[in-house]
Amino acid sequence: SAYGAFTGLLGFLIVFKTRQAYSRFWKGCSAAHGMRTQWFLAASTVCAYSRSKVPSMQSEKSIQFQETLIRLMSMLHAVSLAELEEITKDA
């Protein structure tokens, strides 16, 4: 009887902790995806405002600015994910 109660309690604790860890994992994934989405929206808005309405008037500097912005935003996302990975390794 004591063994059954102990086993039941241990099983309950394992299931509870596993469910809590699973929930935290998906919250972290959702937050990282939300971060990427916000940066994508920021970069696309800046690119949209830096464009000329007439395609033939699009200057080389404007195109170069847009390409540089996209590369920098991509690097920012990569560095932030690497930082998250570092935090996970230390914990």
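Everything below is about the structure shown above.
**Observations regarding the overall build of the chain**
Here is step 1: When helices and strands are tallied, the chain shows two helices and zero strands.
Here is step 2: For 91 residues, the compact-globule estimate of 2.2 N^0.38 gives 12 Å, and the C-alpha radius of gyration of the chain, at 24 Å, exceeds that figure by more than 25%.
Here is step 3: Projected onto the principal axes, the alpha-carbon positions of the chain cover approximately 85 × 25 × 10 Å.
Here is step 4: Within the chain, the fraction of its 91 residues that count as buried is 11%.
Here is step 5: Per element, the accessible surface of the chain, about 7,900 Å² overall, is 68% carbon and sulfur.

**A look at the layout of surface pockets**
Any space left empty among the atoms is revealed by the rolling of a water-sized probe across them.
Here is step 1: There is about 180 Å³ of room inside the largest pocket.
Here is step 2: Lining the largest pocket are Arg36, Trp39, Phe40, Ala43, Ser44, Ile70, Met73, Ser74 and His77.
Here is step 3: Looking at the lining of the largest pocket, the element that brings in the most residues is helix α1 (residues 2-49), giving five residues.
Here is step 4: Of the residues in the lining of the largest pocket, the class split is five nonpolar, three polar and one charged.

**A look at the environment of Phe65**
Here is step 1: Of note, Phe65 is situated in helix α2 (residues 60-90).
Here is step 2: Taking the relative accessible area as the measure of exposure, Phe65 reaches 41% and is therefore partly exposed.
Here is step 3: Between the C-alpha atoms of Phe65 and Val46, which are 19 residues apart in sequence, the distance is 10.0 Å.
Here is step 4: If we ignore the near neighbours within four places in the chain, the residues touching Phe65 are Val46 and Ser50.

**Brief notes about the packing of aromatic side chains**
Here is step 1: Overall, the coordinates contain three aromatic pairs when judged by the stated rule.
Here is step 2: Arranged with centres 6.4 Å apart and planes meeting at 15°, the rings of Phe12 and Phe16 form a pair that is stacked. Separated by four residues within a single helix, Phe12 and Phe16 lie in helix α1, roughly one turn from each other.
Here is step 3: Note on Phe12: relative accessible area 55%, which makes it exposed.

**A look at the environment of Glu67**
Here is step 1: Mapped onto the elements of the fold, Glu67 is located in helix α2.
Here is step 2: Accessibility expressed as a relative area gives 39% for Glu67, which makes it partly exposed.
Here is step 3: Considered as a pair, Glu67 and Leu10 are 57 residues apart in the sequence and their alpha carbons are 56 Å apart.

**Quick notes on α1**
Here is step 1: If you check α1, its first and last C-alpha atoms are 70 Å apart, about what 48 residues at 1.5 Å a residue would give, namely 70 Å.
Here is step 2: Residues Ala32, Ala43 and Cys47 constitute the buried set of α1.

Cut-offs used in this document
Residues numbered from 1 in each chain as written. Predicted model: local features only at pLDDT ≥ 70, side-chain atom pairs only at ≥ 80, totals over all residues. Heavy atoms only, no water. Helix = DSSP H or I, 4+ residues; strand = E, 2+ residues; numbered from the N terminus. Rg over C-alpha atoms; globule rule 2.2 N^0.38 Å. Buried < 20%, exposed > 50% of the residue type's maximum accessible area, 1.4 Å probe, protein only. Areas by Shrake-Rupley, 256 points an atom, 1.4 Å probe, with all protein chains shown as cover. 1 Å grid on protein atoms, 1.4 Å probe; cavity = no way out; pocket = protein on both sides within 12 Å on 5 of 7 lines; lining within 4 Å. Points joined across faces, edges and corners; volume = space filled by probe spheres on them. Nonpolar A, V, L, I, M, F, W, Y, C, P; charged D, E, K, R; others polar. Contact = heavy atoms within 4.5 Å. Phe/Tyr/Trp six-rings, centres within 6.5 Å; stacked < 30°, edge-to-face > 60°. Expected span 1.5 Å × (residues − 1).

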